[in-house]
Every structure is written in C-alpha cells, then in structure tokens.
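Chain residues, written in single-letter form:
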Number of protein chains: 2
Amino acid sequence: VDDAQARDAHDPLAGFRDQFVIGDPELAYLDGNSLGRLPKATAERIRRDIQAWGEDLIRGWDRGWMELPVTVGDLLGSAALGAGPGQVVVGDSTTVCFYKLAAAALDARPGRRRIIANADDFPTDRYVLESLATARDLEVVWLRFDPDAGPDASSIASALDDQTALVAVSHVAYRSAHIADMPAINQLAHAAGALTLWDLSHSAGALALALDADDCDLAVGCTYKYLNGGPGAPAYMYVRHEVQADIRQPIWGWLGRRDPFSMGPGYLPAEGPVALLSGTPPVLALGCVQEGVRLVAQAGIAAIREKGIRLTQYAIELIDRYLAPLGAAVGSPRDPLRRGAHVALRHPDAAALTVALRQRQVITDFREPDVVRLGLSPLTTRYIDVWRGIDALRETLSENVDQR
Amino acid sequence: VDDAQARDAHDPLAGFRDQFVIGDPELAYLDGNSLGRLPKATAERIRRDIQAWGEDLIRGWDRGWMELPVTVGDLLGSAALGAGPGQVVVGDSTTVCFYKLAAAALDARPGRRRIIANADDFPTDRYVLESLATARDLEVVWLRFDPDAGPDASSIASALDDQTALVAVSHVAYRSAHIADMPAINQLAHAAGALTLWDLSHSAGALALALDADDCDLAVGCTYKYLNGGPGAPAYMYVRHEVQADIRQPIWGWLGRRDPFSMGPGYLPAEGPVALLSGTPPVLALGCVQEGVRLVAQAGIAAIREKGIRLTQYAIELIDRYLAPLGAAVGSPRDPLRRGAHVALRHPDAAALTVALRQRQVITDFREPDVVRLGLSPLTTRYIDVWRGIDALRETLSENVDQR
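Okay, so let's go over this structure. Not measured: the values here are computed from a predicted model.

1. Thoughts on the sheet that holds strand β9 (residues 329–330) of chain B
All names here are of chain B.
- One open sheet accounts for four strands, arranged β9-β10-β13-β12; its pairing is antiparallel. Edge positions in the sheet fall to β9 and β12 (365–367), since each has one partner strand and no second.
- Sheet topology note: the β12/strand β13 (residues 371–375) ladder contains three bridges and is antiparallel. If you follow F366 over to β13, its bridge partner there is V372.
- Along the sheet face, helix α9 (residues 301–323) touches β9, β10 (342–346) and β13 and points at about 20° away from the line of β10.
- On top of the sheet, helix α10 (residues 350–359) reaches β12 and β13; it is set at about 45° to β13, its chief contact.

Rendered as structure tokens:
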C-alpha cells in the first residue's frame, strides 16, 4: 500500500482524476478499457448542448453541429492518432465504421480474393469481415497466435500474396494487450499491393499513435474506452490523404454527398473524409466525444503512454509476486513497448474471479476462456487501484486454495 | 388572431406544450418536422443517465442499457407504429438502417433485378438505393409524380413486375406531405412477389400508423422529427414477424449475434429483431428517444393525428385566403386523409422567403425548388403559431409586391 501511495504521490497525471466524476472513491475501477469514466466537462457540455437544442432548435445546425464529425475528427487526429487534418471523421458505431472501410478497401482492390485477419480479434471485427467475405465470396485467412500475443510481421508476411486485398487487424489486441508492429505490417502489405485497416479501439487515448508517419491506409476505433466518450459513443474513421481518391464507402447517404442541401438526383461523394459520412450526425454524442478527446489533448498522449507503461508494469510485478504462486499468470507481453494499457491475468477460474472481485469493490472484466482483464486507463487509474485489485485477487485466490 | 386564440383555448392537446422546453415564447417554430422540440423529461433523463454512467460505470450495461434498443423499439411500436412487440429496434442512423433493410430485402429476393422508388423521395433514401443498385448491378425504377403528390397505388402497379425485388418509398412525402396508400401498395407488391420498405420519418409520431394491420414487410424512420428524440437521434427498423426468417442484414456485428459475450468464432444471428443490430447501442441517445416516444404514448396517436389534420387545415385556409392573392399556392394534398402534418407552400421566391421569415421570428424550412415547408408538430405547435407564420408570409410577400 505504501509503495502504491508513493507512486500516486509522484504521478504527474494524478491531478487529471479530479477532472472526472468519481462516484465511489473506494471503488477500484479497472475497466476503463471497456467504458471510460465520465469527465466533469462532459456533464457540463451535454447540459449546454441540450439547452442549445431547446433554444436554437433547427438553427443549431448552422451553429457548428453540422461540422462536428470533422471538428472532433481533426481534434482526435492531432491529440491521439498522429493524423493530420482532413483524414478523420466521427460518426456511426465502430461496427458500421469497420464495415464501411473494409468494404471500401475490398472495392479498391477488385479481383483480389483474400483478407488477412486475426482469429482472436474482437468479435465484431471478425463478424464484419465474415459478412463481407460471404457476400462477395472472398476468403478470410484467419491467423492464429499465442493467447498472450498478437499479429507479428513475419506471420503477416507469410500470409500475404498477390491475392490479398486487405490486412485488417487490431493494433492492440483486446485480450492480451499485445501491440502489433504497425509500420512493419503496413510496409509488408503495401509491398504486396494490399491495403491495411487497423482497429484502434484499445490504442487510441492510451498509446502515441502515428498513423500518418507509420503509413496506415485506413483505421477505425471506438471512443468509449480510453477516450471517455460515454456508453455507445460514436466511432471514428481514418482514411489517409493518399488513398482517399480510391476509397468509396458503400453506404451513400445525404451527408456524405457534395452539396447535400441541394437534395439533387444522383450521389456525388463530398470532398475529403466527409464522404465517409452517411446519415445525420449524432450531435449530443459528438459533444461528449469532443470533451473526452480534449482531456487527452490536455494531458498529452506521451505522458499518458508513459503512465500506462508504469501502471501495467506495476501490475505485472504484483502479479508475479503475489498471484503467480496462487496459480495465476500474466497473459500480456512483458516487453512494455509491445504492451497496451491493460494486463491480461490468466487463471482457469477467471469468470468466477471476476464476479468475486466485484463483491470486493474491484471492477474488471472476464474474457473467454481464462482471462481477467485489468484495464488501467492512465488518466483515471491510480496505483492504489492496481494494488487493491491485485490484493483482492490474492485474497480471493487464497480462499479458493484454502477451500480445496 | 382571435380565431387562432380560440382554437388554442379549445385544443385538448394544448397542455402538452408545457411538457417541452420553450425558449422564446414569441418564436413561431414551424419546423418540428426537421427537428422536434426538447421534452423537459429528456433534459432530466439525460441528467440521470449521465449520472448513471459516472457512478455505475460498466455495470450500467447489466442495468438495462443493453436492452434499450428493444425496450424503446417495443414502446415505439405500440405508441406510434401499430406494431406488436418483437419487431422494432432502435439504433444507427436512418441512412444506415435504410441500407441494412434494403440490402436484406434484395438478398431475400435473389435473381430479381428491379427496385421501385420515388424520384422525389428524401435524398438519403435515393442515394442508398443508388449505392445498392450500383454495387449489385440492379435497376432502380424511379417513379415521378406531381410535386404536390406522391406514390399512388396505380403507378406502383404499373411499374411492378416479376423482376421487382423491392418497393422502397416514403409513407409521407418529405416535401408535399402526401400520404401513400400503405395497405394497397403492400398488397400489390406482395401479389408481385416483392417486398416493401417504408420510410416513416415524416409519419411516425404524427399519424396513426398500422404496420402490422397494413401488412408492411420492412420500415425505417428517424426519431428527431415528430418523436422529439434530439439532433441526430438514432433511427428504428421494423421487420414484420413473418419475414424475419428471410431477412438477414448485411452488417454483422457482435450485438446482433446470438450469445454475444461468448465472443465465439463465426456469426450466428440472434433471435428476432436483435439480429438487426450491429454495434454497441448509443445509450444516452436511446434514453432521449424513449422520453420523446413516451410523450406520444401519453397524448395518444389518435389525438395527435386529429390535431395535425386541424392545424394543416387551418394553415391551408389561411394560405388560400391571404397568400394565394400574393402568388403563393398550397403544394400539399387538400384531402386531409392524404396529408401528413406539414404543409408545402409553393412560391418562386421560397428560398428568400424562408430567410425573411426567420427575421420575423418564424422558423420554417426551404426545400428545392420552390417550397416553404410549414411543419406543424401537433404536440408543440399552437394555432397562433400557424397564424403568425402565415401573417409573416403575408407581410413579406406584400412588401415584395410593393417593391416591384
């Protein structure tokens, strides 16, 4: 405990916790990678946006609402994605965004019949690729990796060929937190003539991404994890400037059209990333995302990443010391440069452990088949929370051992 | 003025206006069919939902959030759509919902190569059909009607053949307010072996719909017009029980899958309308929709429809008396049974008129090429608002005439 408290006392980001609503101060919330906490600024923002709806009514669309997908996208690009302006928009669910960009990538590589994906990626991505492959009679090459790892460049290299249209993988694996080698995989894919589509859901807001510098083609991600956008908040899409001319998303709607209010016949895509939009922007939700992203911008992604490494390193040290003797194991990379901001704890009773932890005021989540996932969102997680979580695990596991 | 005030005094729904936030009492807001007003209950609801996010955090998903698409869908079905439970879900934009159901309908009629649509329908619907037709090399048969009318059964009958997969039209035309004959068109389409997809954006919350009784197959609609769900609120999808087994939407995501938290390999659609979902439900937005729909349920759709007929009839009488001599004409059906809750005013200077009206505290909207649209949302529009709107039009048009 003393050690954790000392770490908190020296944490340069400690003050950011005060910018979030903290309901129960005793709660060790180790699930900010499923749903990030509520920023105080967001509660205030939504109050103002609701008021604007009530008073400005339809005029709100002329007072900034219409531009929100791009305004928030550009802010997100600079604060968290390493993406210059004019390449990111926010809107639609992660699933729909992933569908749009995956479909567009396949259309941009006609005749090529293969998609390379990770068999252990987050289910929605797998199902979307399956739906597209089924509809177009394509093949998904499902790569398999050790449970505590994720896509490596050499596996991707072995799978790539001149029939590969798309490499679609998560940057940080949702279970193991393994970080894929983004620049190397992009380079390999491009050498084979394929496009890359990255799911950044477990990366953005936790890691210093460099989509432009790393030569990414396409990316999507959710905003309700490390970006603290709220439950079911809209997702974002990134399309690199150089490939925008080749990318035409499949769901043509009025707000992706050039000159939408002419309401004219025939669809003509708008310039730039606006063409990725389909329907009317979800105004209130976009305001929430904007406030969450602002906090990331304010803290600085480098400082956030630094704390994420320290928090996960601390968790791993405690697991090794206290939980390994009780049958648990680290299921995440030990190299901090290959590890995101969560730690997978592997144990055969992981499901029951997750339930027992909640009774001890520690919130984590369970991932099939044997992982307790400890999400350590740097802006809101304290070292004392990590300590409490591991201590509760130690107590629970000790009781289990005693009962046998 | 006296007449309008007398009508307001005898309006059985007059009290409902108090359940909405009214910023400027002098404002004649005749655009509730673009963006409905803010219910007071919604402001309170979102405050509670934000608090639940802050305090319950991820546990909110076990406390009703996950079921919201269905809970709100069933409520909407009974309050406004004439749809029994288990057929409606809320989520995604209207454009994405329309895409999902149109694509699913085409998949359910393999080999058939034609879609029947209205060339004057709302652009997003037209563009979606164009995107699907382009991707699948199908033909859209674009029906054309008088500007103050919309699809009639005989035109549909002439266009239908054994190559028609889908008839996809709006129920209430967004410009003219013309109501299509839903049961007749469904019957004709079914006789030809085609499916029907209705856009209810300008119907739901204004008219007593009877999707079940009228034998509709599929329907979508937005919730930010007469349902007062807020700017960019999520849309809904209806799939009739009898066709659910044939309908498989194209965007396979984790929350449309059976047993989503197993996160297992391979997509298996969930039972019932849940299979229409793709990504994580937009929790805060769904709460707003629920509150808006509750007010419709409370007022009763029959009473709302009754007032909508009276308001539009009053507007038409005033237009005939005061504006027709000044060169304006009614561009909506005169038969109240064929007219939704807005009135199209046709005038060559419609765009400039709309701007001039705003300076007189009257909000309408302009629709290409010559329509000022007067939206008379029954729960919040007073007869005095109608009178003020027409009076402001009379003044503006008189000045214009004087200046010539």
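Read on, since the account is not over.
2. So, the layout of surface pockets
- When its volume is computed, the largest pocket comes out at roughly 690 Å³.
- Around the largest pocket, the lining comprises 37 residues; the ones closest to its centre are S34 and R367 of chain A together with W254, F261 and M263 of chain B.
- Elements with a contribution of two residues or more to the lining of the largest pocket: α4 (94–108), α5 (123–136), α10 (350–359) and β12 (365–367) of chain A.
- Classifying every residue of the lining of the largest pocket gives 15 nonpolar, 12 polar and 10 charged.

3. Quick word on the relation of the copies chain B and chain A
- The two copies are related by a screw motion: chain B maps onto chain A through a turn of 180° and a shift of 0.0 Å along the axis, at an RMSD of 0.0 Å. The superposition of one copy onto the other is thereby described by a two-fold rotation axis. For chain B, the smallest separation between a C-alpha atom and the rotation axis is recorded for D92 of chain B, amounting to 3.3 Å.
- Take the interface residues of chain B: 100% of them recur as interface residues in chain A, which is what a same-surface contact looks like.

4. Re the sheet that holds β12 of chain A
All names here are of chain A.
- As summarised here, the arrangement of the four strands in space is β9-β10-β13-β12, forming an open sheet in which the pairing is antiparallel. Of all strands in the sheet, those bounded by a partner on one side alone are β9 (329–330) and β12.
- Across five bridges, the pairing between strand β10 (residues 342–346) and strand β13 (residues 371–375) is antiparallel. Across the sheet, L345 pairs through a bridge with V372, a residue of β13.
- Running over the sheet, helix α9 (residues 301–323) touches β9, β10 and β13 and is turned about 20° from β10.
- In this fold α10 packs onto β12 and β13, with an angle of close to 45° to the strand it touches most, β13.

5. Concerning α4 of chain A
- With 15 residues, α4 of chain A ought to run about 21 Å at 1.5 Å a step, and its terminal C-alpha atoms sit 21 Å apart, in line with that.
- Summarising burial for α4 of chain A: 14 of the 15 residues are buried, a large majority.

6. Topic: α10 of chain A
Residue and element names in this part refer to chain A.
- For α10, the full list of buried residues reads A350, L353, T354, A356 and L357. Down the axis, α10 shows its buried residues gathered within 165° of arc, on one side only. Exposed residues lying more than 90 degrees from the buried face of α10 are V355 and Q359.
- A positive phi of about 65° marks Q361, the residue just after α10.

What counts as what
- Along each chain, the written sequence defines residue order, and numbers are assigned to residues from 1.
- Both sets of labels track the order of writing: A upward for chains, 1 upward for ligands.
- Residues qualify for local features only when their pLDDT is at least 70, as the model is predicted, and side-chain atom pairs are given and counted only at 80 or more; totals for whole chains, interfaces and linings, by contrast, use all residues.
- Each side-chain value is worked out from all heavy atoms of the structure, with water and hydrogens disregarded.
- Pairing between two strands is assigned when DSSP locates at least 2 bridges connecting them.
- Going along the chain from the N terminus, every DSSP run of H or I of four or more residues is numbered as a helix, and every run of E of two or more is numbered as a strand.
- Working rule for contacts: check all heavy atoms of both residues, and any pair within 4.5 Å makes them a contact.
- Only the stretch in contact is used when a helix axis is fitted, and all axes are lines through C-alpha atoms; the angle between N-to-C directions ranges over 0 to 180 degrees.
- Within this scheme a cavity is a closed region of a 1 Å grid, computed over the protein atoms alone, that accommodates a 1.4 Å probe without allowing it to escape, whereas a pocket is open but has protein on both sides within 12 Å along at least five of seven lines; lining residues each have an atom within 4 Å of a point.
- Grid points are joined across faces, edges and corners, and a volume is the space filled by probe spheres set on the points.
- Polarity classes work like this: nonpolar for Ala, Val, Leu, Ile, Met, Phe, Trp, Tyr, Cys and Pro, charged for Asp, Glu, Lys and Arg, and polar for all others, with Gly in that last group.
- The superposition of copies rests on a least-squares fit of C-alpha positions from residues with pLDDT of 70 or more in both.
- A helix's residues, less one, multiplied by 1.5 Å, set its expected span.
- For each residue, the accessible area found with a 1.4 Å probe, counting protein chains only, is set against the maximum for its type, and the residue is called buried under 20%, exposed over 50%, and partly exposed in between.
- By construction, the arc corresponds to the directions joining the helix axis to the C-beta atoms.

Purely spatial values, then, with no claim about function.
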